[in-house]
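Chain residues, written in single-letter form:
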Amino acid sequence: EVIRKNVMNQNYNLTVKGGTKYAHYLADIGYLNEDGAVNKFSYKRYSLRINTDFNVGKYVTVGENLGLTYDKRQSNDYNGPIGSAMGADPLMPAYQPKDSVNVNDMNYIYDRYAVSEIGGANPLLDIELANWVQSRLMLVGNLFGEITLLKDLKFRTSLGLTGVYNHTSDYSPQ
C-alpha cells in the first residue's frame, strides 16, 4: 500500500460526421489522461482524426484519412516499483530509521529509503528515481482513389504515410 495511489482516469472524445450524396466527412478529437496507480507514472494523449471522401462522378470516389496524435508518458525503466515490490524483502521497512539519516545531507532524498539485508530494491526508491519521460508526435495519413468497374467490382489504390517524432529524456542521479 506504500507505493499505490487511488487515481481518476479521464477519456473524452467528440465526433462530428455528416455528408451529402456526393461527400462525406468525419472529424474526431480526443483526450486521454491516465494517472498511474504508482506516483510518477502517467500517460496523456491528444488525438485528432479527419476522414473525407468525395464522389467525383458516378464511378469515381476519392478521399483521405488523416490522424494526428501527441502523447506523453512518464515511468521508470524496466520493471519499476511494481517489479521491485514483488521481489522485495517483505520484512524490510519502507524508510531508514529517522536517527540513522542526516536530513541535511545532500543525498538524504535517496539515503532515507531502507535497504534490504537480503537484496532487492526498495520500490519507493524506484519511484523516486522514475525520471523517464517520452513524448511522441505521430501523423498517419492515407489518400485513396476508387473506380467502380462493374456492379460488384471496384479498383482501389491508396498512398499512405506515417511520420513519428520521438523525444525521450531520462535522468539518473549519481
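1. Considering the packing of aromatic side chains
Thinking step 1. Under the defined criterion, the tally for this structure stands at 3 aromatic pairs.
Thinking step 2. Aromatic pair Tyr31 and Tyr46: ring centres 5.2 Å apart, planes at 45 degrees, arrangement tilted. With a gap of 15 residues between them, Tyr31 in strand E2 (residues 23–35) and Tyr46 in strand E3 (residues 42–55) connect regions that are remote in the sequence.
Thinking step 3. We classify Tyr46 as partly exposed; its relative accessible area is 39%.
Thinking step 4. Put simply, the rings of Tyr12, Tyr31, Tyr46 and Tyr70 touch in pairs and so form one group of aromatic residues.
Thinking step 5. Directly above the ring of Phe144 sits Arg156, whose terminal nitrogen or CZ lies 3.9 Å from the centroid.

2. Considering the pattern of salt bridges
Thinking step 1. Considering all chains together, one arrives at 3 salt bridges under this definition.
Thinking step 2. With its nearest N and O atoms 2.6 Å apart, the salt bridge here joins Arg136 to Asp71. With Arg136 in strand E5 (residues 132–150) and Asp71 in strand E4 (residues 60–75), the pair connects residues that are 65 residues apart, well separated along the chain.
Thinking step 3. Here Arg136 falls in the partly exposed class, since its relative accessible area comes to 25%.
Thinking step 4. Judged by its relative accessible area of 2%, Asp71 is buried.
Thinking step 5. Two residues, Glu146 and Lys154, come together in a salt bridge whose shortest N-O distance is 3.6 Å.
Thinking step 6. The class of Glu146 is buried, set by a relative accessible area of 15%.

3. Points about the pairing of E5
Thinking step 1. The pairing of E4 with E5 spans 16 bridges and is classified as antiparallel. For Asp71, the partnering residue across the bridge sits in E5 and is Arg136.
Thinking step 2. Hairpin connection of E5 to strand E6 (residues 153–169): 2 residues between the antiparallel strands.

4. With respect to the sheet that holds E4
Thinking step 1. Taking strand neighbours across the sheet as the criterion, the 6 strands line up as E1-E2-E3-E4-E5-E6 in an open arrangement whose pairing is antiparallel. In this open sheet, the two strands that pair with only one neighbour each are strand E1 (10–19) and E6. Between one strand axis and the next, the sheet turns by 5 degrees as a mean value, whatever way the strands run.

5. Comments concerning the confidence of the model for the chain
Thinking step 1. Taken as a whole, the chain shows an average pLDDT of 82; of its residues, 71% reach a score of 70 or greater.
Thinking step 2. For the chain, helix H2 (residues 108–111) is the element with the lowest average pLDDT, namely 62, and E1 is the one with the highest, namely 97.

About the thresholds
Residues numbered from 1 in each chain as written. Predicted model: local features only at pLDDT ≥ 70, side-chain atom pairs only at ≥ 80, totals over all residues. Heavy atoms only, no water. Phe/Tyr/Trp six-rings, centres within 6.5 Å; stacked < 30°, edge-to-face > 60°. Helix = DSSP H or I, 4+ residues; strand = E, 2+ residues; numbered from the N terminus. Buried < 20%, exposed > 50% of the residue type's maximum accessible area, 1.4 Å probe, protein only. Lys NZ or Arg CZ within 6 Å of the ring centre and 35° of its normal. Salt bridge = Lys/Arg side-chain N within 4 Å of Asp/Glu carboxyl O. Pairing = 2+ DSSP bridges. Axes fitted to C-alpha atoms, helices over the stretch in contact; angles between N-to-C directions. pLDDT = per-residue confidence, 0-100.

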